[in-house]
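Report on the structure
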Amino acid sequence: MAKTQLGVRVDDEIKELAEARARDRGLSLGDYIAGLVREDTSGLRQRGLDAARRFLDEHQSLFDEAEAADRRPRGAHAA
């Protein structure tokens, strides 16, 4: 497949984050960005976000209970 060079302007912070994530995944910056575009345009990213939202909608109460338990003072017991 032929490749085309693109020029984009982003903040330094975004550049550093993208380079770090590409490095973590063992990808070139170009391949990392291409993967993000593929995921976005194929709907994969949105399906993942939708699945995460459904999971939280179904199980949020468990997370809320765990957080409440963490906030309770240690050693205090109800009579």
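Fair warning: this is a prediction, and the values are worked out from it, not measured in the lab.

Structural notes on the confidence of the model for the protein
- Taken residue by residue, the protein gives an average pLDDT of 89. The fraction at 70 or more is 94%.
- Per-element confidence in the protein ranges from a low mean pLDDT of 90 for helix H3 (residues 44–71) to a high of 97 for helix H1 (residues 12–24).

Remarks on the packing of aromatic side chains
- One pass over the full model with this rule turns up one aromatic pair.
- Taking 6.2 Å as the distance between ring centres and 65° as the angle between the ring planes, the aromatic pair formed by phenylalanine 55 and phenylalanine 63 counts as edge-to-face.
- On the basis of relative accessibility, which here comes to 44%, the residue phenylalanine 55 falls in the partly exposed class.

A short note on the pattern of salt bridges
- Using the criterion set out here, one finds four salt bridges in the structure.
- Between aspartate 31 and lysine 3 there is a salt bridge, with its nearest N and O atoms 3.6 Å apart. Taken together, the residues span a long stretch of sequence, with aspartate 31 in helix H2 (residues 29–42) and lysine 3 in the segment before H1 at a distance of 28 residues.
- The partly exposed category is assigned to aspartate 31, whose relative accessible area is 37%.
- By relative accessible area, which is 71% here, lysine 3 ends up exposed.
- Salt-bridge contacts for arginine 53 lead to aspartate 57; the nearest nitrogen and oxygen are separated by 3.5 Å.

Conventions used here
Residues numbered from 1 in each chain as written. Predicted model: local features only at pLDDT ≥ 70, side-chain atom pairs only at ≥ 80, totals over all residues. Heavy atoms only, no water. pLDDT = per-residue confidence, 0-100. Helix = DSSP H or I, 4+ residues; strand = E, 2+ residues; numbered from the N terminus. Phe/Tyr/Trp six-rings, centres within 6.5 Å; stacked < 30°, edge-to-face > 60°. Buried < 20%, exposed > 50% of the residue type's maximum accessible area, 1.4 Å probe, protein only. Salt bridge = Lys/Arg side-chain N within 4 Å of Asp/Glu carboxyl O.

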